[in-house]
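The residues making up each chain are set out below.
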Amino acid sequence: MKKQLRYIASLIVVAFAIYGVFAFATSMQPSIARAAANESAQLQDDAPATPRPPEELKDGLFISMTTDDIDRAAMAVGFATKIRKNTGRPVTIFFNTQGVRLVDVDIPQNVHKSGNTIHEMIQMFMDEGGVALVCPVCMVNVGGMETEDILPGVIIGTPEFTWGALFAENVTTLSY
């Protein structure tokens, strides 16, 4: 029963995060949303400047990262990196609520037991071809962040990016 309640609670958190992205995106003019996404994507040359087509996202993994706890985050990012590296499946990590702090370049990073910081782990994930998205509402309201505060290569999760990865055919979702 306890596991079921936690599962339901995590689904509710994801639903609110998605709703927040939708509310934020629809409150902005489309040109502003696209500009924010493109500005973030240009921070790293190999980051996708446009959302991936649905056929590239099929059978993927979508991880909702709602925590800024170093051990939970390390588990999620390590798992995502291994899945991406070993299977080649598309993997997306969506940093939202408290999780946005993990991609803030201004927050000092502790070294995890693995010997890497979370920033280094996220970079390894992206180097393997994983996509890291940050909730635009959460980064402002929870993290107090602006676009320049985001780790290079992390993309602002506009609906085109977030929903494309979340609702693609046969996508598995996890929440940390």
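What counts and what doesn't
- Residues numbered from 1 in each chain as written.
- Predicted model: local features only at pLDDT ≥ 70, side-chain atom pairs only at ≥ 80, totals over all residues.
- Heavy atoms only, no water.
- Helix = DSSP H or I, 4+ residues; strand = E, 2+ residues; numbered from the N terminus.
- Buried < 20%, exposed > 50% of the residue type's maximum accessible area, 1.4 Å probe, protein only.
- Areas by Shrake-Rupley, 256 points an atom, 1.4 Å probe, with all protein chains shown as cover.
- Expected span 1.5 Å × (residues − 1).
- Arc of directions from axis to C-beta.
- Contact = heavy atoms within 4.5 Å.
- Polar contact = N/O pair within 3.5 Å; in protein donor to acceptor, adjacent residues only side chain to side chain.

Peer 1: Account for the overall build of the chain, naming residues and giving values.
Peer 2: Helix and strand counts for the chain come out as seven helices and five strands. Overall, the chain shows an N-to-C arrangement of helices and strands of α-α-α-β-α-β-α-β-α-β-α-β. Taken across its 176 residues, the chain has 45% of its residues classed as buried. When the accessible surface of the chain is summed, it comes to about 9300 Å², and 56% of that surface belongs to carbon and sulfur atoms.

Peer 1: Which residues make up helix α4 (residues 70–87), and what values do they have?
Peer 2: Helix length check: α4, at 18 residues, gives a terminal C-alpha distance of 25 Å against a target of 26 Å (1.5 Å per residue), a fit within 8%. Among the residues of α4, those classed as buried are A73, A74, A76, V77, A80 and T81. Summarising the axial view, the buried residues of α4 lie within an arc of 165°, below the 170-degree limit, and thus occupy one face. More than 90 degrees from the buried face of α4, the exposed residues found are R72, M75, K82 and N86. Buried residues along α4 sit against β1 (61–65), β2 (91–95) and α5 (118–127). Put simply, D69 is the residue that caps the front of α4, since its side-chain oxygen is 3.1 Å from the backbone nitrogen of D71. G88 occupies a position one or two residues after α4 and carries a positive phi of about 75°.

Just distances and angles here, no functional claims.
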